[in-house]
Amino acid sequence: MEELTLRLRVRRLVESGEVPCEESGKTWAGRGTGSHCAACGQPITPFEVEFEAELPSGTTLRLHRLCHEVWREECQSLALE
Ligand SMILES: [Zn+2]
């Protein structure tokens, strides 16, 4: 997925509240386990790095490394509006 497409998708998810914008309390990085990325919807394969963000509300988001970055950036820009 192209980064611009990803960014627009994440922005829509964040604005609609499907993906929350909370400061992640804890974030782990590890090998992908095939679970679907909360941002792009693609599976995170064992060949990729999976970021697991544990949110204060109890939700756990699993994201690709790039998707995690985009999610944080989109949340920041949303907070500035
Ligand atoms: Zn992803």
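Residues numbered from 1 in each chain as written. Predicted model: local features only at pLDDT ≥ 70, side-chain atom pairs only at ≥ 80, totals over all residues. Heavy atoms only, no water.

Undergrad: Quick question: what am I supposed to make of the packing of aromatic side chains here?
TA: Describing an aromatic ring pair means giving the distance of the ring centres and the angle of the ring planes. Enumeration over the complete set of coordinates arrives at zero aromatic pairs. One residue, Arg 72, lies across the ring of Trp 71, its end atom 4.4 Å from the ring centre. (Phe/Tyr/Trp six-rings, centres within 6.5 Å; stacked < 30°, edge-to-face > 60°. Lys NZ or Arg CZ within 6 Å of the ring centre and 35° of its normal.)

Undergrad: I tried to follow the coordination of the zinc ion on my own but got confused; where do I start?
TA: Under ideal tetrahedral coordination, the four donors around a metal are separated by 109.5 degrees; under ideal octahedral coordination, the six donors are separated by 90 or 180 degrees. Donor atoms from the polypeptide that coordinate the zinc ion comprise Cys 37 (SG), Cys 40 (SG), His 64 (ND1) and Cys 67 (SG), at 2.0 to 2.4 Å from the metal. Geometry at the zinc ion is tetrahedral, judged from its four donor atoms and the angles of 102 to 116 degrees they form at the metal. Of note, the zinc ion draws all its donor residues from one chain, in the sequence arrangement C-x2-C-x23-H-x2-C. On the criterion of sequence distance, the pair formed by Cys 37 in the loop between β1 (26-31) and β2 (49-54) and Cys 67 in helix α2 (residues 65-80) is long-range, its members being 30 residues apart. Residue classification places Cys 67 among the buried positions, given a relative accessible area of 4%. (Donors = N, O, S within 2.8 Å, 3.2 Å for Na, K, Ca; no water. Tetrahedral: all angles 85-135°; square planar, octahedral: opposite > 155°, others 65-115°. Helix = DSSP H or I, 4+ residues; strand = E, 2+ residues; numbered from the N terminus. Buried < 20%, exposed > 50% of the residue type's maximum accessible area, 1.4 Å probe, protein only.)

Undergrad: Even after reading the chapter, I still don't get α2, so can you show me in this structure?
TA: Three- or four-residue spacings in an α-helix give side chains the same orientation, since the helix completes a turn every 3.6 residues. Here α2 is 16 residues long and its end C-alpha atoms lie 23 Å apart, about the 22 Å a rise of 1.5 Å per residue gives. Within α2, the full set of buried residues consists of Cys 67, His 68, Val 70, Trp 71, Arg 72, Glu 74 and Cys 75. (Expected span 1.5 Å × (residues − 1).)

Undergrad: Explain the side chain of Arg 7 to me, please; I cannot follow it from the model alone.
TA: For Arg 7, the position within the fold is in helix α1 (residues 3-16). Non-local contacts of Arg 7, meaning those with residues more than four positions away in its chain, are made with Val 70, Glu 73 and Glu 74. (Contact = heavy atoms within 4.5 Å.)

Undergrad: Is there a simple way to explain the pattern of salt bridges in this structure?
TA: Side chains bearing opposite charge may pair, as long as their charged atoms lie close to each other. The tally for this structure, following the rule as stated, stands at seven salt bridges. Glu 52 is paired through a salt bridge with Arg 62; the nearest N and O atoms lie 3.7 Å apart. Note that Glu 52 is positioned in strand β2 and Arg 62 in strand β3 (residues 60-64), a separation of 10 residues in sequence. Because the salt bridges share partners, they merge into one network encompassing Glu 3, Arg 7, Arg 11, Glu 73 and Glu 74. (Salt bridge = Lys/Arg side-chain N within 4 Å of Asp/Glu carboxyl O.)

Undergrad: Before we go on, may I ask you to explain the pairing of β3 in this structure?
TA: Consecutive side chains of a regular strand alternate in pointing toward one face of the sheet and then the other. Of the pairings in the sheet, the one linking β2 to β3 comprises five bridges and is antiparallel in character. Paired with Glu 52 across the bridge in β3 is Arg 62. The loop that links β2 with its antiparallel partner β3 comprises five residues; one of these, Gly 58, has a positive phi angle of about 100 degrees. (Pairing = 2+ DSSP bridges.)

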